[in-house]
Amino acid sequence: MSSSDLLVLTAPPPRWKTRWSRPLGRILDHVVYKTTVLGRENVPAQGPVVFAANHLSYLDGPVMVGAGPRYMHVMVRHDMFKGFLGRVLHASGQIPVNRDGDRAALQFAKAVLDRGDCVGILPEGTRGTGDAASMNSGVAWLALNSGAAVVPVAILGTRHSGEHRDKIPAPRRRLHVVFGEPLAITREPGVSGRVSMDRATEQIRLRLAAHIAASQAATGQDLPADDHLSSKHKGQQP
């Protein structure tokens, strides 16, 4: 991939770039699809917030942007920043991130949080079952280093049982986005940084997994059951 094919950040995205991405997300949610949004009242009205959502489909990020009560910069896989789509993502203030570990992207996201704004992240790292059986540590790093509240987000309906992970749902499908109660993450005194990070990651994972399960019960929308693999096997999937 040539450098001209990939848009990268040299500084944190400015706040104004998100001003048109949320209206477009709302069109996606409520014109293209039929999205029910629950729990907006759980999102802090001010201060930094990390929205941590499960990941089923390419639609998850845009659907979350349209459903959110606050503007957000979403961390998006870096190889999506190509061609026309890449220019749209860049112009709307999204943050390219390398799935294998990208300290620069985390620093850009932290800078967004430090100015009191919001970041969206799909911490499972790849499209899958969406049950938060595994999670990368980026969301914990952001929470621990910025003091931001973590809001768990359950996104349901963007992929159904039997559908390929790359499939885009047909228009007018019923989707659900449920925002959970915010979680405060703090460092434990007398605990090493690595242990603190691991514990924070597991704390967030458990909260997100419980929130997803409760959201399924509340909405009647299940995760794609055919794709349920153990966390050990999930890590071996492309």
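Residues numbered from 1 in each chain as written. Predicted model: local features only at pLDDT ≥ 70, side-chain atom pairs only at ≥ 80, totals over all residues. Heavy atoms only, no water.

### Some points on the sheet that holds strand β4 (residues 95–97)
Strand order in the open sheet formed by seven strands is β1-β7-β6-β2-β5-β3-β4, with mixed pairing between adjacent strands. Each having just a single partner strand, β1 (34–38) and β4 make up the two edges of the open sheet. Adjacent strand axes in the sheet meet at a mean angle of 25° when their direction is disregarded. Bridge count between strand β2 (residues 49–53) and strand β6 (residues 149–156): five bridges; the pairing is parallel. Along β6, the bridge assignment pairs V50 with V150. The sheet strands contacting helix α2 (residues 60–67) are β1, β2, β3 (73–77), β5 (118–121), β6 and β7 (174–179), and the helix crosses β7 at an angle near 65°. (Pairing = 2+ DSSP bridges. Helix = DSSP H or I, 4+ residues; strand = E, 2+ residues; numbered from the N terminus. Axes fitted to C-alpha atoms, helices over the stretch in contact; angles between N-to-C directions. Contact = heavy atoms within 4.5 Å.)

### Quick notes on the nonpolar core
V50, M75, V139, L142, V150, I185 and I204 are the most contacted members of the largest nonpolar core, which totals 34 residues. When residues of this core are traced back to their parent elements, those giving at least two are β2, β4, α4 (103–114), β5, α5 (138–146), β6 and α6 (193–219). Ranked by the residues each element gives to this core, the list is headed by α5, at six residues. Not counting chain neighbours up to four residues away, the residues in contact with I185 comprise A143, L144, V150, A200, Q203 and I204. (Core = buried A, V, L, I, M, F, W, Y, C linked by side-chain atoms within 4.5 Å. Buried < 20%, exposed > 50% of the residue type's maximum accessible area, 1.4 Å probe, protein only.)

### Focus: the pattern of salt bridges
Taken as a whole and judged by the stated rule, the model has nine salt bridges. Two residues, K110 and D114, come together in a salt bridge whose shortest N-O distance is 2.8 Å. Of this pair, K110 and D114 both sit in helix α4, four residues apart, which is roughly one turn of the helix. Here E163 and R173 are joined by a salt bridge, their closest N and O atoms 2.4 Å apart. Residue E163 is located in the loop between β6 and β7, and its partner R173 is located in the loop between β6 and β7; the two are separated by 10 residues in the primary sequence. For the pair E163 and R173, one class covers both residues: buried. (Salt bridge = Lys/Arg side-chain N within 4 Å of Asp/Glu carboxyl O.)

### Considerations on the packing of α4 against α5
For the pair α4 and α5, the least separation of the axes is 10 Å and the interaxial angle reads 45°. The angle between α4 and α5 places the two elements in the oblique class. Our pair here, α4 against α5, has a crossing hand that is right-handed. In this structure, α4 uses R103, L106, Q107, A109, K110, L113 and D114 to contact α5, whose residues at the interface are G138, W141, L142, N145 and S146. A breakdown of the residues in the contact of α4 with α5 according to their chemical character gives five nonpolar, four polar and three charged. (Parallel < 35°, antiparallel > 145°, perpendicular 65-115°, else oblique. Left-handed = near helix turned anticlockwise from the far one by under 90°. Nonpolar A, V, L, I, M, F, W, Y, C, P; charged D, E, K, R; others polar.)

These results come straight from atomic positions and should not be treated as a statement about function.
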